[in-house]
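# Residue-level structural notes
These are the residues of each chain, in order.
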Amino acid sequence: MLSIDPIAFSIGPLAIRWYSLAYIVGILGGWWLMIKLSLRTKSPFTPPLISDFIAYAVVGIILGARLGYVLFYNPHFYFTHPAEIIALWHGGMSFHGGLLGVVTAAFIFAKVKKISFFAM
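Overview of the structure.

Cut-offs and rules
- Residues numbered from 1 in each chain as written.
- Predicted model: local features only at pLDDT ≥ 70, side-chain atom pairs only at ≥ 80, totals over all residues.
- Heavy atoms only, no water.
- Phe/Tyr/Trp six-rings, centres within 6.5 Å; stacked < 30°, edge-to-face > 60°.
- Buried < 20%, exposed > 50% of the residue type's maximum accessible area, 1.4 Å probe, protein only.
- Helix = DSSP H or I, 4+ residues; strand = E, 2+ residues; numbered from the N terminus.
- Expected span 1.5 Å × (residues − 1).
- Contact = heavy atoms within 4.5 Å.
- Axes fitted to C-alpha atoms, helices over the stretch in contact; angles between N-to-C directions.
- Parallel < 35°, antiparallel > 145°, perpendicular 65-115°, else oblique.
- Left-handed = near helix turned anticlockwise from the far one by under 90°.
- Nonpolar A, V, L, I, M, F, W, Y, C, P; charged D, E, K, R; others polar.

For the structure on display, the rule yields eight aromatic pairs. Ring centres of phenylalanine 117 and phenylalanine 118 lie 5.3 Å apart, and the angle between their planes is 75 degrees; this geometry places the pair in the edge-to-face category. Judged by relative accessible area, phenylalanine 117 falls into the partly exposed class, the value being 29%. Members of the aromatic cluster, each reached through a chain of ring pairs, are Tyr69, Tyr73, Phe77 and Tyr78.

Here you go:
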């Protein structure tokens, strides 16, 4: 059976996982695409506003993905070992939690910036 190592590469004690590289490429690609599209159309979203949103989105993705993993996959373990919840270096992020986190971040961003959530 084929077994793929979850660690893409290591820099000293820091292990970079494939999943984190996917998050990074997705965030940077989305940021680039949003800016390109905003410059090609008469979008009310300027590059600085998009950059502000990306900051909110990154926080939403990380918090949502981790909390999703904790709540959906092994809540009993994490509730009995709460310090492990923040141990991202042990792995454990969920896509669906990240999706819920970024939607929540977008909602908060829209409220803070006083723009329509659905226009985003």
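With 19 residues, helix α4 (residues 95–113) should cover 27 Å at 1.5 Å per step; its first-to-last C-alpha distance of 26 Å lies within 8% of that length. Buried within α4 are the following residues: Gly97, Gly98, Gly101, Ala105, Ala106, Phe109 and Ala110. On the buried face of α4, the contacting elements are α2 (47–73). Following α4 by one or two positions, lysine 114 adopts a phi angle in the positive range, close to 55 degrees.

Between α2 and α4, the least distance of the axes is 6 Å, while the angle of their chain directions is 140 degrees. In terms of orientation, α2 lies oblique with respect to α4. Here the hand of the crossing between α2 and α4 comes out right-handed. Along the contact surface, α2 presents Leu49, Asp52, Phe53, Tyr56, Ala57, Gly60, Ile61, Gly64, Ala65, Gly68, Phe72 and Tyr73, while α4 presents His96, Gly97, Gly98, Gly101, Val102, Ala105, Ala106, Ile108, Phe109, Val112 and Lys113. A class-by-class count of the residues in the contact of α2 with α4 yields 14 nonpolar, seven polar and two charged.

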